[in-house]
Amino acid sequence: MNTAALDQKFESDFRFYLQSELAKRSKKNSRYSLRAFAELLNMDASSVSQILAGKRKASTKVIEQITSTLGTHPDMKRTFLEANKYKRSTPDLQTNEEKFALLAKDSFAFISEWYHIAIIEFVSVDGFKNNPAWIARSLGISAVEAREAIARMIRLNIIREENGVLLKTYKFATNFEPGTTSAAHKQLQRDIVSKALAAIDNVPQEEKDITSMTMAIDIAKLPEARKLITKFRRDLCAFLEDGKQSRVYNLGVQLYPVSKKIKDTDNEN
């Protein structure tokens, strides 16, 4: 098998690969748990959970053990070991000194429906009830959707349950990775925009802020503009979440062209 094919089959990052292996087993068996996965790997559930969450770096010995157990292709195993040996630390995307944990791509594919993200935030709202029927009524979804979403996110270690209370695994999390997209990301954005369109007619003006701006721009500045938008989103998130959390909101920032490139327009003549 050549390297290109391997790259398509597996993630090159060991943590993403491990998340993928857990997600595949969870998809085949809805009752498959993190504890069962840890037993398969002959490790304790806490250690596996920390590696999956990016809170602990897997040692060479652990990578050797896990890849041997899972039957990882030798070329991918070498990639993981080399990356572990030489990997340089990358800059953290931070806002107000808070780190945003990047959700694994394979995990996000399972939670791309908008209500998964809403439930993650909803657990922090004052008065939240760990009751699928109550959650369903609050978000306008079915009780089955709410129940399955909670179970799915617990299995993927995105939320956790302690003494009957649901908690977020990460204080801040993101599915955004510069330069990448996927069918799951696109579907989530469709859902967010669709709900924004519905809010135009159904949400009182004092409870929303839906505005837009049209401008002629220097497209060479788009990369820097994306960075500014990311900073704005995260600064606003930190500002709004610093206080009594009483309701879940979506923030959508859309920046896109409405005119064709001049040369494309000229070619139509």
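Residues numbered from 1 in each chain as written. Predicted model: local features only at pLDDT ≥ 70, side-chain atom pairs only at ≥ 80, totals over all residues. Heavy atoms only, no water.

Caption draft 1: Up close: the overall build of the chain. Along its length, the chain carries 13 helices and 6 strands. A buried classification covers 32% of the 269 residues belonging to the chain. Within the chain, residue pairs in contact and separated by at least 24 positions form 62% of the contacts whose partners lie at least 6 positions apart. Working note: accessible area of the chain is about 17900 Å², and carbon and sulfur atoms make up 51% of it. (Helix = DSSP H or I, 4+ residues; strand = E, 2+ residues; numbered from the N terminus. Buried < 20%, exposed > 50% of the residue type's maximum accessible area, 1.4 Å probe, protein only. Contact = heavy atoms within 4.5 Å. Areas by Shrake-Rupley, 256 points an atom, 1.4 Å probe, with all protein chains shown as cover.)

Caption draft 2: Structural context of the environment of Leu22. Examined against the element boundaries, Leu22 turns out to sit in helix α2 (residues 14-28). It is 9.7 Å that separates the C-alpha atoms of Leu22 and Ala36, two residues lying 14 residues apart in sequence.

Caption draft 3: Layout of helix α5 (residues 60-70). Taken as a whole, α5 has its buried residues at Val62, Ile63, Ile66, Thr67 and Leu70. Within α5, the buried residues cover an arc of 120° as seen down the axis, which keeps them to one side. Backbone geometry just downstream of α5 places Gly71 in the positive-phi region, at approximately 70°. (Arc of directions from axis to C-beta.)

Caption draft 4: Inspection of the nonpolar core at higher detail. If you look at the biggest cluster of nonpolar residues, it comprises 26 residues, and the most contacted ones within it are Trp114, Ile119, Phe128, Ile135, Leu139, Ile141 and Met153. Every element with two or more residues in this core is listed here: α8 (114-122), α9 (132-139), α10 (143-155) and α11 (183-202). Aside from chain neighbours lying at most four places away, what touches Phe128 is Phe122, Val123, Trp134, Ile135 and Leu166. (Core = buried A, V, L, I, M, F, W, Y, C linked by side-chain atoms within 4.5 Å.)

Caption draft 5: A look at the pairing of strand β5 (residues 165-168). Only one face of β5 is buried: it carries Leu166 and Lys168, and the other face, with Val165 and Leu167, is open. Pairing of strand β4 (residues 159-162) with β5 involves 4 bridges; the strand directions are antiparallel. If you follow Arg160 over to β5, its bridge partner there is Leu167. In textbook terms, the turn of a hairpin is the stretch between consecutive antiparallel strands, and for β4 and β5 this stretch comprises 2 residues, one of which, Asn163, has a positive phi near 55°. (Pairing = 2+ DSSP bridges.)

Caption draft 6: View of the pattern of salt bridges. Under the criterion given, the structure shown has 8 salt bridges. Between Glu162 and Arg160 there is a salt bridge, and its shortest N-O distance comes to 2.7 Å. In this structure, the salt-bridge partner of Glu207 is Arg247, at a minimum N-O distance of 3.0 Å. Here Glu207 is found in the loop between α11 and α12 (222-241), whereas its partner Arg247 is found in the loop between α12 and α13 (262-267), with 40 residues between them in sequence. Since its relative accessible area comes to 53%, Arg247 is described here as exposed. Here the residues in one salt-bridge network are Glu21, Lys24 and Arg25, joined through shared partners. (Salt bridge = Lys/Arg side-chain N within 4 Å of Asp/Glu carboxyl O.)

Caption draft 7: The packing of aromatic side chains, seen in detail. Tallied over the full model, the rule gives 6 aromatic pairs. Every member of this aromatic cluster is reached through a ring pair, and the members are Phe14, Tyr17 and Phe80. For the cation-ring pair, Lys195 lies above Trp114, with the distance from its terminal atom to the ring centre recorded as 4.1 Å. (Phe/Tyr/Trp six-rings, centres within 6.5 Å; stacked < 30°, edge-to-face > 60°. Lys NZ or Arg CZ within 6 Å of the ring centre and 35° of its normal.)

Caption draft 8: How the structure looks around the side chain of Asp191. Along the chain, Asp191 falls in helix α11. Nearest to the buried, unbridged Asp191 among oppositely charged side chains is Arg190, at 7.4 Å. (Lys, Arg positive; Asp, Glu negative; His and termini not counted.)

Caption draft 9: Fine view of the environment of Asp13. With respect to the helices, strands and loops of the structure, Asp13 is situated in the loop between α1 (3-9) and α2. Classification of Asp13 as partly exposed rests on a relative accessible area of 26%. Here the alpha-carbon distance between Asp13 and Ala83, two residues 70 residues apart in the chain, equals 7.9 Å.

Caption draft 10: Structural detail: unusual backbone geometry. Unusually for a residue other than glycine, Asn42 sits at a positive phi of about 60°. Structurally, Asn42 can be placed in the loop between α3 (34-40) and α4 (45-52). Relative accessible area serves as the criterion here: at 66%, Asn42 is assigned to the exposed category. Even without being glycine, Asn163 reaches a positive phi, approximately 55°. Along the polypeptide, Asn163 turns up in the loop between β4 and β5.

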